[in-house]
Amino acid sequence: VSAQIEVRLDHRVVECGGTVAGTVRWTGNRRGEPIVATLRYGVSGRGDPDGAEVARVHVGLDEAGQAGLRLEVPTQGPVTYNGQLLRVRWQAMVFGRGGSRRKMNPSLVMVEVIVVPQGWMSVHH
Amino acid sequence: MAQDSVIQDRTRHRFARGAIIVGIVLGVCGAGCAVGRWTGELTAISRGQAVLIVSLILGIGGLSALIGGLTLHRIGQIGVPTLVVPPLRLGGVAVARFQQQGTKRIFATWEVEAELEGSEHVSYQQGSTVSRATRTIYHCALTVKPDDTARGVSARIDIDVPLDAPPSLSLNHNRIQWWVRVRVRCPSVFFDQSKFLVTVLPVVADQTPRGVA
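Rules behind the numbers
- Residues numbered from 1 in each chain as written.
- Chains lettered and ligands numbered in written order.
- Predicted model: local features only at pLDDT ≥ 70, side-chain atom pairs only at ≥ 80, totals over all residues.
- Heavy atoms only, no water.
- Core = buried A, V, L, I, M, F, W, Y, C linked by side-chain atoms within 4.5 Å.
- Buried < 20%, exposed > 50% of the residue type's maximum accessible area, 1.4 Å probe, protein only.
- Contact = heavy atoms within 4.5 Å.
- 1 Å grid on protein atoms, 1.4 Å probe; cavity = no way out; pocket = protein on both sides within 12 Å on 5 of 7 lines; lining within 4 Å.
- Points joined across faces, edges and corners; volume = space filled by probe spheres on them.
- Helix = DSSP H or I, 4+ residues; strand = E, 2+ residues; numbered from the N terminus.
- Nonpolar A, V, L, I, M, F, W, Y, C, P; charged D, E, K, R; others polar.
- Phe/Tyr/Trp six-rings, centres within 6.5 Å; stacked < 30°, edge-to-face > 60°.
- pLDDT = per-residue confidence, 0-100.
- Pairing = 2+ DSSP bridges.
- Axes fitted to C-alpha atoms, helices over the stretch in contact; angles between N-to-C directions.
- Salt bridge = Lys/Arg side-chain N within 4 Å of Asp/Glu carboxyl O.

Draft legend 1. Structural detail: the nonpolar core. Grouped together as the largest cluster of nonpolar side chains are 62 residues, with contacts concentrated most on L83(B) and I159(B). Those residues in contact with I159(B) that lie beyond four places of it in its chain are V85(B), L88(B), G92(B), V93(B), A94(B), A96(B), L116(B), L142(B) and V180(B).

Draft legend 2. How the structure looks around the layout of surface pockets. A volume near 190 Å³ is recorded for the largest pocket. In terms of lining residues, the largest pocket is bounded by 13 residues, among which V79(A), T80(A), P117(A), W120(A) and D164(B) are the most central. Per-element tally for the lining of the largest pocket: the top contributor is strand β9 (residues 107-116) of chain A, with three residues. Among the residues making up the lining of the largest pocket, the classes are represented as 11 nonpolar, one polar and one charged.

Draft legend 3. The packing of aromatic side chains, seen in detail. Residue and element names in this part refer to chain A. Under the criterion given, the structure shown has three aromatic pairs over all chains. On the numbers, 5.3 Å between centres and 50° between planes, the contact of Y41 with W90 is tilted. Of this pair, Y41 sits in strand β4 (residues 35-45) while W90 sits in strand β8 (residues 86-96), placing them 49 residues apart in sequence. The same class applies to Y41 as to W90, namely buried.

Draft legend 4. Molecular detail of the side chain of S64(B). All names here are of chain B. Assignment of secondary structure puts S64 in helix α2 (residues 47-78). The class for S64 is buried, based on a relative accessible area of 16%. Setting aside anything within four residues of it in sequence, one finds S64 in contact with A19, I20, V22 and G23.

Draft legend 5. Empty space enclosed by the protein, seen in detail. What the rule picks out here adds up to two cavities of 30 Å³ or more. Each pocket or cavity is described by its volume, and for the largest cavity that value is around 70 Å³. Considering the residues around the largest cavity, the lining is formed by Q76(A), G77(A), P78(A), V79(A), Y81(A), V88(A), P166(B), P167(B), S168(B), L169(B), I176(B) and P202(B). Broken down by class, the residue content of the lining of the largest cavity amounts to nine nonpolar, three polar and no charged.

Draft legend 6. Molecular detail of the confidence of the model for chain B. Mean pLDDT over chain B works out to 82, with 82% of the residues at or above the 70 mark. Mean pLDDT across the elements of chain B ranges from a minimum in strand β12 (residues 210-211) of chain B, with 52, to a maximum in strand β8 (residues 169-170) of chain B, with 96.

Draft legend 7. Molecular detail of the sheet that holds strand β1 (residues 4-9) of chain A. Residue and element names in this part refer to chain A. Reading across from one edge, β1-β3-β6 is the order of the three strands in this open sheet, with antiparallel pairing throughout. At either margin of the open sheet sits one strand with a lone partner, and together these are β1 and β6 (65-72). The mean inter-strand angle of the sheet, taken between neighbouring strand axes irrespective of direction, is 25°. Sheet topology note: the β1/strand β3 (residues 19-27) ladder contains six bridges and is antiparallel. Following the sheet pairing, R8 is matched in β3 by T23.

Draft legend 8. Quick look at the pattern of salt bridges. Under the defined criterion, the tally for this structure stands at seven salt bridges over all chains. A salt bridge links E112(A) to R89(A); the shortest N-O distance between them is 2.8 Å. Residue E112(A) is found in strand β9, and its partner R89(A) is found in strand β8; the two are separated by 23 residues along the sequence. Between R185(B) and E113(B) there is a salt bridge, with its nearest N and O atoms 3.0 Å apart. Of this pair, R185(B) sits in strand β9 (residues 174-186) while E113(B) sits in strand β5 (residues 111-126), placing them 72 residues apart in sequence. When its relative accessible area of 39% is taken as the criterion, R185(B) is described as partly exposed. With a relative accessible area of 32%, E113(B) lands in the partly exposed category.

Draft legend 9. Fine view of the confidence of the model for chain A. Looking at chain A as a whole, the pLDDT averages 88, with 91% of positions reaching at least 70. Averaged pLDDT values for the elements of chain A fall to 85 in helix α1 (residues 120-124) of chain A and rise to 96 in strand β7 (residues 81-82) of chain A.

See below:
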């Protein structure tokens, strides 16, 4: 049985140079495998895909627990974008590997994050 | 704090050098063909065909070298177009300076037009070939204020960056590029357009103009 993971983000919209913050809760991590959180962007569309993982943190090792989550967004972005030929999306992912190692059955929770330019919030709110 | 960028459009230099190199290569090929034919090493073609081929190769080569040489000469007279541009922020107005050196004789009267263009560029592999696609996502004329200078062309350009436009993006297969195109209209310079790749930062500007002194 895989670990059960729940992710709650404080905000889904984050500025470049800001922090994706929230809380991770998990249970069923019986083998004490690391619960890992990552932040990555991907570019899809007509062109070949691009993308990168920009942040990775270890959240915990316990069988069950709760921990704060902080993932830094680079100041240079890129920002979330939906254009004519390309689309930039950001995702925060939290995953662990509960149960049998042979099954290689990772728990995975993905949450879409919207990255906007620095100063965008003060202009639009 | 980011510094002003000095961007030069050297496409004419590259074009001129390329044309001269093509001219030299074709000239050598033409001479080689001529020598080979008349020394009897190339026997598959008649003398008439050989004259035609060699003339053609030498003609194209000579023309390429001439165009390259004239372009270099013209660059020497009108200088390299240069744009000094402060950091570009979304929703802001940045004041850039365009300069192109030249003699009073060449730039007796002149007029400058400028525009900002944003575009998406993608590349994708299809079998063994790489295809590319481009879409223009923004296009706007810019306000130009001419400066009176002793030599050449100088103007201040107000670059209005739209607030909701995407910032510059440069990845392996996907790019968002912003260009400032400047056209100098002057009787002795035929269709002189320069283009400058500028960077739009993922930062929303405060609403006060920033610029070069």
